[in-house]
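Inside the fold
Single-letter residue listing:
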Amino acid sequence: MSLPSLLSQHIVRRPQRIALLQHIAEQGSITRAAKSAGLSYKAAWDAIDELNNLAQKPLVERAVGGKGGGGAKLSSEGERVLRLYQKLQALQAQVLEAAEDASDLDLLGRLMLRTSARNQLHGKVVLIEGQGRNDLIRLELAESLSIDAQITHDSTVHLELQPGTEVVALIKAGWLELLAPEATPAVGHNLLSGRIEAILDAEDGPSEVRIALPNGQTLCALAEPLDLRTRGLTVEQAVQVQFSPSNVLLGTPL
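What counts, and at which threshold
- Residues numbered from 1 in each chain as written.
- Predicted model: local features only at pLDDT ≥ 70, side-chain atom pairs only at ≥ 80, totals over all residues.
- Heavy atoms only, no water.
- UniProt positions renumbered as here; feature names shortened; annotations may be inferred.
- Pairing = 2+ DSSP bridges.
- Helix = DSSP H or I, 4+ residues; strand = E, 2+ residues; numbered from the N terminus.
- Axes fitted to C-alpha atoms, helices over the stretch in contact; angles between N-to-C directions.
- Phe/Tyr/Trp six-rings, centres within 6.5 Å; stacked < 30°, edge-to-face > 60°.
- Buried < 20%, exposed > 50% of the residue type's maximum accessible area, 1.4 Å probe, protein only.
- Arc of directions from axis to C-beta.
- Polar contact = N/O pair within 3.5 Å; in protein donor to acceptor, adjacent residues only side chain to side chain.
- Salt bridge = Lys/Arg side-chain N within 4 Å of Asp/Glu carboxyl O.

An unreviewed UniProt entry lists the protein chain under the name TOBE domain-containing protein, with Pseudomonas fitomaticsae given as the organism. Quoted verbatim from the Sequence similarities (unreviewed entry) heading of the UniProt record, the comment on the protein chain is "Belongs to the ModE family."

Next up on the list: the sheet that holds strand β3 (residues 119-131). If you trace the 5 strands from one edge of the open sheet to the other, you get β5-β4-β3-β6-β12, paired in antiparallel fashion. The sheet terminates laterally at β5 (146-152) and β12 (249-251), the two strands that pair on one side only. Here the strands of the sheet are splayed against their neighbours by 45° on average, with no regard to which way each runs. In terms of strand pairing, strand β4 (residues 134-140) meets β5 through 7 bridges, oriented antiparallel. Within the sheet, the bridge partner assigned to N134 lies in β5 and is T152.

So, on to the pairing of β3. For a regular strand, side-chain orientation follows a simple rule: the groups alternate between the two sheet faces. Two elements, β3 and strand β6 (residues 166-171), share 6 bridges in a ladder whose sense is antiparallel. Bridge pairing links Q120 to L170 in β6. Strand direction decides the pairing type here: β3 and β4, joined by 7 bridges, are antiparallel. The partner of L127 across the bridge, within β4, is R138.

Inspection of the entire model under this criterion finds 1 aromatic pair. Pairing Y41 with W45 gives two aromatic rings, centres 5.8 Å apart and planes at 75°, and the pair type is edge-to-face. Taken together, the residues Y41 and W45, both in helix α4 (residues 41-54) and 4 residues apart, mark about one turn of the helix.

Attention now goes to helix α3 (residues 30-37). Every buried residue of α3 is accounted for by I30, A33, A34 and A37. One side of α3 holds all its buried residues, which, seen down the axis, span an arc of 100°. Here α3 starts with a cap whose side-chain oxygen sits 3.3 Å from the backbone nitrogen of T31, and that cap is S29. In the segment just after α3, G38 is the residue with positive phi, at about 75°.

Glancing now at the pattern of salt bridges. Applying the stated criterion to the full structure yields 10 salt bridges. In this structure, K73 and E61 form a salt bridge, with 3.9 Å as the shortest nitrogen-oxygen distance. Pair noted here: K73 is in strand β2 (residues 71-74) and E61 is in strand β1 (residues 60-63), with a separation of 12 residues, a long-range link. Given the relative accessible area of 38%, E61 is considered partly exposed.

Here it is in structure tokens:
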């Protein structure tokens, strides 16, 4: 009945995310759930993507579009997370009660890291291969998808990585390159296939492209609107995403 450790830590630190899940369960709409949770529609999408990517299975099932902004419901795993949240709340209360003074809580706050990387994928180390001063770290994502990260050997030692270690792979949106399904990827790059779930245009910059992976995780990439139109990449179309292993950062629980 336990949760993935990274997901548990995330939920404890950001309880507003659980509130969003609760509202989705009650209202069946991302738009209405976001309003009830005090989030913008875009922030709600970001929160759902992050939760789904950290969980071993998707917590929220969505239907993009429609008059109300798209329907949504919790998966069986999402319902399980809600049931277990009360236990996490109790544990959090015990930690707060055990703190000897306010400085203890300040210390904990400094140790808990937030990141600007839009893509945070939960995975498990399955292979470590030495490459001179660097190591190639192969990660298994949900549903047997895999990606490679290239980090220094010193980083491997510092993070205490070994086969079976749970990690979060951090990939900035600007590091992802979209390819048509028939395009040939660069040698040595990671390649994931998915479906364009949404394209969010911006007035003064690149569009944000959300790609649904077959394992339920979601990637966020940036692309110029003209480039998307030129290559005919639209919502619901199949797409490939490539990125260099050197652009995959790794993090582990404290």
